[in-house]
Amino acid sequence: MHKKRIRNRIIWSLVAVLIVIAGWFSFGPTSNTAKNQKEVVVGVVGQTKQDAEIWKSVAETAEEEYGIKIKIKNFTDYNQPNKALQNGDIDLNAFQHYTFLNAWNKANHGSLVAIGNTYIAPIRLYSKKYKSIKDLPQGATIAVPNDASNESRALYVLKNAGLINLKKGVKLATVADITSNPKGLKIKEVSAEQTARVIDDVDASIVNNTYAVPAKLGDKQTIYIEPLNKDSEQWINIIVANKKDKNNKIYKDLVKAYQTEKTKKLSDKLYGKTEVAAWGLKLK
(Lines give C-alpha, C1' and ligand atoms only; values in the text may rest on other atoms or scores of the structure.)
Protein backbone atom coordinates (compact mmCIF):
# COMPACT_ATOMS: atom_id res chain seq x y z
CA MET A 1 0.00 0.00 0.00
CA HIS A 2 2.84 2.32 0.88
CA LYS A 3 4.55 1.58 -2.44
CA LYS A 4 1.32 2.28 -4.31
CA ARG A 5 1.04 5.74 -2.70
CA ILE A 6 4.62 6.54 -3.65
CA ARG A 7 3.99 5.43 -7.22
CA ASN A 8 0.85 7.59 -7.42
CA ARG A 9 2.76 10.59 -6.11
CA ILE A 10 5.44 10.09 -8.77
CA ILE A 11 2.80 9.85 -11.50
CA TRP A 12 1.03 13.02 -10.32
CA SER A 13 4.35 14.83 -10.01
CA LEU A 14 5.14 13.97 -13.63
CA VAL A 15 1.68 15.15 -14.68
CA ALA A 16 2.23 18.45 -12.86
CA VAL A 17 5.59 18.95 -14.60
CA LEU A 18 3.99 18.26 -17.99
CA ILE A 19 1.24 20.80 -17.25
CA VAL A 20 3.82 23.44 -16.34
CA ILE A 21 5.78 22.72 -19.53
CA ALA A 22 2.62 22.91 -21.63
CA GLY A 23 1.73 26.22 -19.99
CA TRP A 24 5.21 27.55 -20.69
CA PHE A 25 4.95 26.75 -24.39
CA SER A 26 1.43 28.17 -24.56
CA PHE A 27 2.08 31.44 -22.75
CA GLY A 28 5.83 31.87 -22.42
CA PRO A 29 8.48 33.41 -24.69
CA THR A 30 7.93 30.84 -27.42
CA SER A 31 4.29 31.75 -27.97
CA ASN A 32 3.08 32.44 -31.52
CA THR A 33 3.56 36.20 -31.12
CA ALA A 34 7.18 35.84 -30.11
CA LYS A 35 7.81 33.10 -32.65
CA ASN A 36 6.54 35.31 -35.47
CA GLN A 37 8.31 38.39 -34.17
CA LYS A 38 10.81 39.95 -36.57
CA GLU A 39 13.19 42.86 -36.36
CA VAL A 40 12.78 45.31 -39.23
CA VAL A 41 15.57 47.82 -39.81
CA VAL A 42 14.30 51.16 -41.16
CA GLY A 43 16.69 53.73 -42.59
CA VAL A 44 16.05 57.45 -41.98
CA VAL A 45 18.04 60.65 -42.54
CA GLY A 46 19.06 63.26 -39.97
CA GLN A 47 16.57 62.03 -37.38
CA THR A 48 15.33 64.81 -35.10
CA LYS A 49 14.05 64.36 -31.54
CA GLN A 50 10.53 64.73 -32.90
CA ASP A 51 11.08 62.05 -35.55
CA ALA A 52 12.58 59.76 -32.92
CA GLU A 53 9.49 60.22 -30.74
CA ILE A 54 7.18 59.41 -33.63
CA TRP A 55 9.10 56.26 -34.57
CA LYS A 56 9.20 55.21 -30.91
CA SER A 57 5.40 55.44 -30.88
CA VAL A 58 5.13 53.51 -34.17
CA ALA A 59 7.51 50.87 -32.81
CA GLU A 60 5.31 50.39 -29.74
CA THR A 61 2.24 49.90 -31.93
CA ALA A 62 4.13 47.55 -34.27
CA GLU A 63 5.28 45.35 -31.41
CA GLU A 64 1.98 45.34 -29.53
CA GLU A 65 -0.29 44.83 -32.53
CA TYR A 66 1.87 42.87 -34.97
CA GLY A 67 4.81 41.39 -33.05
CA ILE A 68 7.30 43.45 -35.07
CA LYS A 69 10.42 45.00 -33.58
CA ILE A 70 11.53 48.18 -35.37
CA LYS A 71 15.16 49.25 -35.35
CA ILE A 72 16.02 52.70 -36.74
CA LYS A 73 19.28 53.28 -38.63
CA ASN A 74 20.06 56.98 -38.97
CA PHE A 75 21.99 58.21 -42.02
CA THR A 76 23.58 61.63 -42.45
CA ASP A 77 22.56 62.44 -46.03
CA TYR A 78 20.05 61.56 -48.73
CA ASN A 79 22.51 59.56 -50.83
CA GLN A 80 22.91 56.68 -48.38
CA PRO A 81 19.59 54.98 -47.45
CA ASN A 82 18.54 53.87 -50.94
CA LYS A 83 21.94 52.29 -51.57
CA ALA A 84 21.72 50.55 -48.20
CA LEU A 85 18.23 49.27 -49.01
CA GLN A 86 19.17 48.04 -52.47
CA ASN A 87 22.23 46.29 -51.01
CA GLY A 88 20.13 44.60 -48.32
CA ASP A 89 21.83 46.40 -45.42
CA ILE A 90 18.42 47.64 -44.21
CA ASP A 91 14.89 46.32 -44.75
CA LEU A 92 13.00 49.57 -45.45
CA ASN A 93 13.64 53.27 -45.51
CA ALA A 94 11.50 56.31 -44.73
CA PHE A 95 13.08 59.61 -45.71
CA GLN A 96 12.09 60.51 -49.28
CA HIS A 97 9.18 61.53 -51.47
CA TYR A 98 7.96 59.96 -54.73
CA THR A 99 9.94 62.24 -57.02
CA PHE A 100 13.21 61.61 -55.18
CA LEU A 101 12.60 57.85 -55.37
CA ASN A 102 11.79 57.94 -59.09
CA ALA A 103 14.86 60.05 -59.84
CA TRP A 104 17.09 57.76 -57.77
CA ASN A 105 15.75 54.60 -59.42
CA LYS A 106 16.36 56.09 -62.85
CA ALA A 107 19.89 57.26 -62.06
CA ASN A 108 20.90 54.04 -60.30
CA HIS A 109 18.93 51.42 -62.25
CA GLY A 110 17.11 50.73 -59.01
CA SER A 111 13.86 48.87 -58.40
CA LEU A 112 12.79 50.32 -55.07
CA VAL A 113 9.05 50.86 -54.54
CA ALA A 114 6.79 52.82 -52.22
CA ILE A 115 4.64 50.67 -49.93
CA GLY A 116 2.93 53.40 -47.89
CA ASN A 117 2.55 57.16 -47.46
CA THR A 118 3.77 58.83 -44.29
CA TYR A 119 3.48 62.63 -44.39
CA ILE A 120 4.02 65.66 -46.55
CA ALA A 121 6.13 68.49 -45.22
CA PRO A 122 5.62 71.78 -47.06
CA ILE A 123 9.09 73.22 -47.51
CA ARG A 124 9.86 76.86 -46.86
CA LEU A 125 11.89 79.71 -48.18
CA TYR A 126 13.88 81.09 -45.22
CA SER A 127 15.77 84.32 -44.82
CA LYS A 128 17.65 85.96 -41.97
CA LYS A 129 17.92 89.23 -43.89
CA TYR A 130 14.39 89.87 -45.16
CA LYS A 131 10.87 89.58 -43.71
CA SER A 132 8.99 89.04 -47.00
CA ILE A 133 9.62 87.78 -50.53
CA LYS A 134 8.68 91.29 -51.67
CA ASP A 135 11.76 92.58 -49.87
CA LEU A 136 14.18 90.39 -51.84
CA PRO A 137 16.41 92.73 -53.84
CA GLN A 138 17.27 92.62 -57.52
CA GLY A 139 19.92 89.97 -58.09
CA ALA A 140 19.26 88.23 -54.74
CA THR A 141 21.03 84.91 -54.20
CA ILE A 142 18.76 81.97 -53.34
CA ALA A 143 20.22 78.65 -52.15
CA VAL A 144 18.45 75.47 -53.28
CA PRO A 145 19.23 71.75 -52.83
CA ASN A 146 21.27 70.38 -55.73
CA ASP A 147 19.84 66.86 -56.02
CA ALA A 148 17.46 66.47 -58.97
CA SER A 149 14.14 66.07 -57.17
CA ASN A 150 14.65 68.58 -54.36
CA GLU A 151 16.06 71.19 -56.75
CA SER A 152 12.95 70.79 -58.91
CA ARG A 153 10.74 71.13 -55.87
CA ALA A 154 12.60 74.27 -54.77
CA LEU A 155 12.23 75.85 -58.21
CA TYR A 156 8.49 75.15 -58.15
CA VAL A 157 8.34 76.88 -54.76
CA LEU A 158 9.98 79.94 -56.32
CA LYS A 159 7.51 79.70 -59.21
CA ASN A 160 4.50 79.50 -56.87
CA ALA A 161 5.91 82.47 -54.98
CA GLY A 162 5.79 84.45 -58.22
CA LEU A 163 9.56 84.91 -58.40
CA ILE A 164 10.25 82.88 -61.57
CA ASN A 165 8.45 81.03 -64.36
CA LEU A 166 9.24 77.53 -65.60
CA LYS A 167 8.68 75.65 -68.84
CA LYS A 168 5.25 74.04 -68.87
CA GLY A 169 4.98 70.30 -68.34
CA VAL A 170 8.45 69.89 -66.82
CA LYS A 171 8.41 67.46 -63.88
CA LEU A 172 12.07 67.57 -62.92
CA ALA A 173 12.89 71.23 -63.40
CA THR A 174 16.42 72.63 -63.44
CA VAL A 175 17.69 76.19 -63.68
CA ALA A 176 17.79 75.64 -67.45
CA ASP A 177 13.97 75.44 -67.38
CA ILE A 178 13.56 78.96 -65.97
CA THR A 179 11.79 81.01 -68.65
CA SER A 180 11.36 84.24 -66.71
CA ASN A 181 13.36 85.70 -63.83
CA PRO A 182 12.24 89.34 -63.35
CA LYS A 183 14.44 89.96 -60.30
CA GLY A 184 17.49 88.34 -61.86
CA LEU A 185 17.74 85.89 -58.96
CA LYS A 186 21.01 83.98 -58.65
CA ILE A 187 20.30 80.33 -57.87
CA LYS A 188 23.02 78.82 -55.69
CA GLU A 189 22.93 75.01 -55.84
CA VAL A 190 24.28 73.28 -52.73
CA SER A 191 23.80 69.85 -51.16
CA ALA A 192 20.54 69.56 -49.21
CA GLU A 193 22.30 69.37 -45.85
CA GLN A 194 24.15 72.64 -46.64
CA THR A 195 21.04 74.74 -47.41
CA ALA A 196 20.57 75.64 -43.74
CA ARG A 197 24.28 76.20 -43.13
CA VAL A 198 24.72 78.74 -45.93
CA ILE A 199 21.70 80.86 -44.96
CA ASP A 200 23.92 83.60 -43.48
CA ASP A 201 25.81 83.85 -46.77
CA VAL A 202 22.79 84.16 -49.09
CA ASP A 203 19.67 86.30 -49.23
CA ALA A 204 17.32 83.34 -48.78
CA SER A 205 17.45 79.55 -48.78
CA ILE A 206 14.99 76.74 -49.43
CA VAL A 207 15.57 74.15 -46.71
CA ASN A 208 13.97 70.73 -46.26
CA ASN A 209 12.41 70.19 -42.83
CA THR A 210 14.98 67.48 -42.10
CA TYR A 211 17.63 70.20 -41.88
CA ALA A 212 15.49 73.22 -40.95
CA VAL A 213 14.45 71.82 -37.56
CA PRO A 214 17.96 71.14 -36.17
CA ALA A 215 19.11 74.50 -37.59
CA LYS A 216 16.32 76.17 -35.57
CA LEU A 217 14.77 77.75 -38.64
CA GLY A 218 11.11 78.47 -37.99
CA ASP A 219 8.26 80.91 -38.50
CA LYS A 220 10.47 83.90 -37.69
CA GLN A 221 12.77 83.21 -40.64
CA THR A 222 10.03 82.00 -43.02
CA ILE A 223 9.18 84.27 -45.94
CA TYR A 224 7.19 81.76 -48.03
CA ILE A 225 5.56 78.33 -47.50
CA GLU A 226 5.01 75.78 -50.26
CA PRO A 227 1.27 75.46 -50.99
CA LEU A 228 -0.42 72.03 -50.90
CA ASN A 229 -2.31 71.21 -54.09
CA LYS A 230 -2.60 68.47 -56.71
CA ASP A 231 0.96 69.18 -57.84
CA SER A 232 2.13 68.39 -54.31
CA GLU A 233 1.33 64.69 -54.60
CA GLN A 234 4.82 63.93 -55.87
CA TRP A 235 6.29 65.41 -52.66
CA ILE A 236 4.49 63.00 -50.31
CA ASN A 237 6.98 61.10 -48.15
CA ILE A 238 6.90 57.34 -48.25
CA ILE A 239 8.03 54.08 -46.71
CA VAL A 240 10.11 52.26 -49.34
CA ALA A 241 11.02 48.60 -49.90
CA ASN A 242 12.80 46.51 -52.49
CA LYS A 243 10.42 45.51 -55.30
CA LYS A 244 10.61 41.83 -54.32
CA ASP A 245 9.32 42.76 -50.85
CA LYS A 246 6.41 45.00 -51.88
CA ASN A 247 3.85 42.40 -50.73
CA ASN A 248 5.75 41.31 -47.61
CA LYS A 249 3.09 40.98 -44.89
CA ILE A 250 5.41 42.09 -42.09
CA TYR A 251 6.31 45.26 -43.97
CA LYS A 252 2.65 45.94 -44.78
CA ASP A 253 1.83 45.56 -41.08
CA LEU A 254 4.59 48.02 -40.24
CA VAL A 255 2.93 50.53 -42.58
CA LYS A 256 -0.38 49.94 -40.77
CA ALA A 257 1.40 50.60 -37.46
CA TYR A 258 2.55 53.94 -38.86
CA GLN A 259 -0.72 55.00 -40.45
CA THR A 260 -2.76 55.41 -37.28
CA GLU A 261 -4.69 58.20 -35.61
CA LYS A 262 -2.18 57.91 -32.77
CA THR A 263 0.69 58.80 -35.14
CA LYS A 264 -1.29 61.66 -36.67
CA LYS A 265 -2.09 63.22 -33.28
CA LEU A 266 1.51 62.90 -32.13
CA SER A 267 2.79 64.47 -35.36
CA ASP A 268 0.32 67.35 -34.98
CA LYS A 269 1.55 67.87 -31.42
CA LEU A 270 5.24 67.78 -32.33
CA TYR A 271 5.25 69.49 -35.72
CA GLY A 272 2.04 71.50 -35.92
CA LYS A 273 1.41 72.61 -39.50
CA THR A 274 4.93 71.86 -40.74
CA GLU A 275 4.00 68.21 -41.37
CA VAL A 276 0.69 66.83 -42.61
CA ALA A 277 -0.35 63.17 -42.41
CA ALA A 278 -0.48 61.93 -46.02
CA TRP A 279 -2.44 58.69 -45.83
CA GLY A 280 -5.95 59.38 -47.09
CA LEU A 281 -4.97 62.98 -47.84
CA LYS A 282 -7.09 64.68 -50.52
CA LEU A 283 -5.22 67.29 -52.52
CA LYS A 284 -7.23 69.74 -54.64
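Residues numbered from 1 in each chain as written. Predicted model: local features only at pLDDT ≥ 70, side-chain atom pairs only at ≥ 80, totals over all residues. Heavy atoms only, no water.

As recorded in an unreviewed UniProt entry, the protein goes by Lipoprotein and comes from Lactobacillus johnsonii. UniProt lists a comment for the protein under the heading Subcellular location (unreviewed entry), and it reads "Membrane". (UniProt positions renumbered as here; feature names shortened; annotations may be inferred.)

Looking at the environment of V113
As for its placement among the helices and strands, V113 is situated in strand β4 (residues 112-117). C-alpha separation for the pair V113 and K246, spaced 133 residues apart in sequence, amounts to 7.0 Å. With near-sequence residues (within four places) excluded, V113 lies in contact with L101, I239, V240, A241, N242, K243 and K246. (Helix = DSSP H or I, 4+ residues; strand = E, 2+ residues; numbered from the N terminus. Contact = heavy atoms within 4.5 Å.)

Points about the packing of aromatic side chains
The tally for this structure, following the rule as stated, stands at 6 aromatic pairs. On the basis of an interplanar angle of 55 degrees and a centroid distance of 5.5 Å, the ring pair of Y78 and Y211 is categorised as tilted. A residue pair is termed long-range when its members are at least 10 positions apart, and Y78 in the loop between β2 (68-75) and α4 (81-86) and Y211 in helix α7 (residues 209-212) qualify at 133 residues. The same class applies to Y78 and to Y211, which are both buried. Ring geometry for F95 against F100: centres 5.6 Å apart, planes inclined by 75 degrees, an arrangement best described as edge-to-face. (Phe/Tyr/Trp six-rings, centres within 6.5 Å; stacked < 30°, edge-to-face > 60°. Buried < 20%, exposed > 50% of the residue type's maximum accessible area, 1.4 Å probe, protein only.)

Considerations on the environment of S111
Examined against the element boundaries, S111 turns out to sit in the loop between α5 (98-108) and β4. In the structure, S111 is positioned 10 residues away from L101 in sequence and 9.6 Å away in space, judged by C-alpha atoms. Apart from the residues lying within four places of it in its own chain, the contact partners of S111 are Q86, N105, N242 and K243.

Overview of the sheet that holds strand β3 (residues 92-97)
Pairing in this open sheet of 5 strands is mixed, and the strands run β2-β1-β3-β13-β4 from one edge to the other. The sheet is open, and its two borders are formed by β2 and β4, each paired with just one other strand. Geometrically, the sheet is characterised by an average inter-axis angle of 35 degrees between neighbouring strands, direction not taken into account. One ladder, built from 2 bridges, connects strand β1 (residues 38-45) with β3; its direction is parallel. Across the sheet, residue V42 finds its bridge partner in β3, namely L92. Sheet strands touched by helix α8 (residues 249-258): β1, β2, β3, β4 and β13 (237-242). Its angle to β1, the strand with the most contacts, is close to 60 degrees. (Pairing = 2+ DSSP bridges. Axes fitted to C-alpha atoms, helices over the stretch in contact; angles between N-to-C directions.)

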